[in-house]
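Commentary on secondary and tertiary structure
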Amino acid sequence: MSEIGARAVAEARQWLGTPYLHQASVRGAGADCLGLLRGVWRALYGGEPEPVPAYRADWSEPSGQEALWAAAQRHLRPLPGLWVQAPGEVLLFRMRAGSVAKHLGIVSATGAQARFVHAYSGHGVVESPLAAPWARRIVARFAFPERA
């Protein structure tokens with residue numbers, strides 16, 4: 001695991017138990033999946049990579065634009081393939097076939113006990129097994145850059 005990956009996992013775990021709150025990014029008070037990633041980014045690099053415009057819960061489903069994927073490509077390092085390889089990777093999920101990718105998580109463990117930290121509606125920030133129902137929804141993997 002890279003140093004930046006280890007730091008990302010440690011920070012993400014500090015957010016466990018934060019309630020789910022759409023568009024929020026405050027550890028302990030509220031976060032959605034993007035808010036969790038933004039909070040981890042701030043801890044790693046000191047500031048936001050870009051201003052985040054208001055967004056709806058359906059993201060860009062009506063337009064079909066992959067807005068979250070495009071933002072991830074601007075700031076994170078794309079990784080080849082869909083098989084999780086290291087803690088600290090950022091996973092992008094498509095929740096339904098034919099819809100835009102609109103969920104993010106940070107890999108916290110790999111192998112037979114693979115897990116990831118994410119903010120999930122109705123659950124808050126949790127660490128979940130990366131079991132088949134989640135793994136089959138992965139559409140892209142990214143790494144945090146060594147420097148912002």
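Residues numbered from 1 in each chain as written. Predicted model: local features only at pLDDT ≥ 70, side-chain atom pairs only at ≥ 80, totals over all residues. Heavy atoms only, no water.

1. Considerations on the overall build of the protein
A count of helical and extended segments in the protein gives four helices and eight strands. Going from the N terminus to the C terminus, the protein shows its helices and strands as α-β-β-α-α-β-β-β-β-β-α-β. Radius of gyration (C-alpha) of the protein: 14 Å, near the 15 Å computed for a compact globule of 148 residues. Taken over the C-alpha atoms alone, the protein extends approximately 40 × 30 × 30 Å along its principal axes. Within the protein, counting contacts between residues at least 6 apart in sequence, those at least 24 apart form 57% of the total. (Helix = DSSP H or I, 4+ residues; strand = E, 2+ residues; numbered from the N terminus. Rg over C-alpha atoms; globule rule 2.2 N^0.38 Å. Contact = heavy atoms within 4.5 Å.)

2. Some details on the side chain of D32
Among the structural elements, D32 can be located in the loop between β2 (30-31) and α2 (33-45). A polar side-chain atom of D32 sits 3.3 Å from the main-chain amide nitrogen of L34. Not counting chain neighbours up to four residues away, the residues in contact with D32 comprise Y20, L21, H22, Q23, A24, Y55 and A119. (Polar contact = N/O pair within 3.5 Å; in protein donor to acceptor, adjacent residues only side chain to side chain.)

3. Re the sheet that holds strand β5 (residues 101-109)
Judged by pairing direction, the sheet is antiparallel, and its six strands sit side by side in the order β3-β8-β4-β5-β6-β7 without closing on themselves. In the strand order of this sheet, the two ends are held by β3 (77-79) and β7 (124-129), each with one partner. The mean angle between the axes of side-by-side strands here comes to 35°, regardless of whether they run parallel or antiparallel. In terms of strand pairing, strand β4 (residues 90-94) meets β5 through five bridges, oriented antiparallel. Looking at the pairing, R94 lines up with A101 of β5. The sheet strands contacting helix α1 (residues 3-14) are β5, β6 (115-120) and β7, and the helix crosses β5 at an angle near 110°. (Pairing = 2+ DSSP bridges. Axes fitted to C-alpha atoms, helices over the stretch in contact; angles between N-to-C directions.)

4. Comments concerning the nonpolar core
Membership of the largest hydrophobic core comes to 29 residues, with the highest contact counts inside it found for V40, L76, V90, L92, L104 and F144. Where this core is concerned, the elements lending two or more residues are α1, α2, α3 (67-75), β4, β5, β6 and β8 (138-143). With eight residues, the top contributor of residues to this core is α2. Beyond its immediate sequence surroundings of up to four residues, V90 is in contact with L37, L76, L104, G105, I106, A140, R141, F142 and F144. Counting residues in hydrophobic clusters, the runner-up holds eight residues, among them L91, V107, F116 and I138. (Core = buried A, V, L, I, M, F, W, Y, C linked by side-chain atoms within 4.5 Å. Buried < 20%, exposed > 50% of the residue type's maximum accessible area, 1.4 Å probe, protein only.)

5. Some thoughts on the pattern of salt bridges
Under the definition given, this model contains eight salt bridges. The salt bridge involving R27 is made with E11; its shortest N-O contact spans 3.2 Å. In this pair, R27 is assigned in the loop between β1 (25-26) and β2 and E11 in helix α1, connecting sequence segments 16 residues apart. Judged by its relative accessible area of 45%, R27 falls in the partly exposed class. (Salt bridge = Lys/Arg side-chain N within 4 Å of Asp/Glu carboxyl O.)

6. Observations concerning the pairing of β8
Taken across its six residues, β8 has six buried, putting it largely inside the fold. Inspection of the sheet shows β3 paired to β8 by three bridges, in the antiparallel sense. Its bridge partner being in β8, L79 is matched across the sheet by R141.

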